[in-house]
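The residues making up each chain are set out below.
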Amino acid sequence: MILQAQDIVKTYAAADAVSTTVLRGASLCVEPEEFVAIVGPSGAGKSTLLHVLASLDVYDRGSIQALVHGSSYDYSAMNEAAFARYRLDNIGFVYQFHHLLPEFTAIENVMMPALIKGVSQREARRRASALIERVGLIERTDHMPTELSGGEQQRIAIARAVMNSPALLFADEPTGNLDSVNAGLVRDLLRDLQREHNLTCIIATHSSEIAQSATRIIRMVDGRCV
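Residues numbered from 1 in each chain as written. Predicted model: local features only at pLDDT ≥ 70, side-chain atom pairs only at ≥ 80, totals over all residues. Heavy atoms only, no water.

Some words on the overall build of the protein
A count of helical and extended segments in the protein gives 7 helices and 10 strands. The C-alpha radius of gyration computed for the protein amounts to 17 Å, which stays within 12% of the reference 17 Å derived for 226 residues, consistent with globular compactness. In terms of its C-alpha atoms, the protein occupies a principal-axis envelope of roughly 45 × 40 × 35 Å. The 226 residues of the protein split such that 49% are buried. (Helix = DSSP H or I, 4+ residues; strand = E, 2+ residues; numbered from the N terminus. Rg over C-alpha atoms; globule rule 2.2 N^0.38 Å. Buried < 20%, exposed > 50% of the residue type's maximum accessible area, 1.4 Å probe, protein only.)

Here it is as structure tokens:
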């Protein structure tokens, strides 16, 4: 086991005091180096579960535990500083809308996680350049995000997500805004990187192609994994 969630409940309270319960006792267990696709209809709770598992959002009830590189993490016992370090060391996240920093070049975006971790500029640039070449965009190294296509931006975002060699890679609808050609490139890249880096990948997706390439499919219905 690398990640286990038990009976996760998550409720959002709106300004009008009407609350919406998105996760209603979701449970799952993920083994090291699995490629897991979380599928289900819109509103089933896929993205919320993904954000909770990646410690980007808090949950109301339940428990989440991770066992990474011999270290155990109990989410309920961690403060924000501990979560920040945990994410920096162990987690990569790819968003549907890539979220590249617009004022930085492609390579500077990829370098950012390593610089935050304290890696030298020279070493961070070396690693970032290698990753950009791996995702097939070495000629775009010094381009700004606005100079990249949507598919290119997402590939740079994937390079950024694996910059610190995470054990866990999460992706939230990574092909949701891409045409079929770029969606295929991103799908294949995620699968190849998972194998090359021995990553554990958990992907929320509507894409049948991504789901078919996964080693396991978890279906969500009404806030539960079924």
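Next comes the rest of the write-up.
Some points on the state of the cysteines
A complete count under the given rule lists 0 disulfides for this structure. Note on Cys29: no disulfide assigned, nearest cysteine sulfur contributed by Cys225 at a separation of 12 Å. Note on Cys29: relative accessible area 29%, which makes it partly exposed. (Disulfide = S-S within 2.5 Å.)

Let's talk about the packing of helix α2 (residues 80–90) against helix α3 (residues 106–117)
Where α2 meets α3, the closest approach of the two axes is 10 Å, and the angle between their N-to-C directions is 130°. Taken together, the axis directions place α2 and α3 in an arrangement best described as oblique. Crossing hand, α2 versus α3: left-handed. On α3, the residues that touch Arg85, Leu88 and Asp89 of α2 are Pro113, Ile116 and Lys117. For the contact of α2 with α3, the class distribution of residues is 3 nonpolar, no polar and 3 charged. (Axes fitted to C-alpha atoms, helices over the stretch in contact; angles between N-to-C directions. Parallel < 35°, antiparallel > 145°, perpendicular 65-115°, else oblique. Left-handed = near helix turned anticlockwise from the far one by under 90°. Contact = heavy atoms within 4.5 Å. Nonpolar A, V, L, I, M, F, W, Y, C, P; charged D, E, K, R; others polar.)

Things to note about the pattern of salt bridges
Counted by the stated rule, this structure contains 10 salt bridges. Of the charged contacts, one joins Lys117 and Asp89 as a salt bridge, the two residues approaching to 3.5 Å between their closest N and O atoms. On the criterion of sequence distance, the pair formed by Lys117 in helix α3 and Asp89 in helix α2 is long-range, its members being 28 residues apart. You can call Lys117 partly exposed: its relative accessible area is 32%. The exposure class of Asp89 is partly exposed, given its relative accessible area of 23%. Look at the salt bridges and you will find they share partners, linking Arg85, Asp89 and Lys117 into a network. (Salt bridge = Lys/Arg side-chain N within 4 Å of Asp/Glu carboxyl O.)

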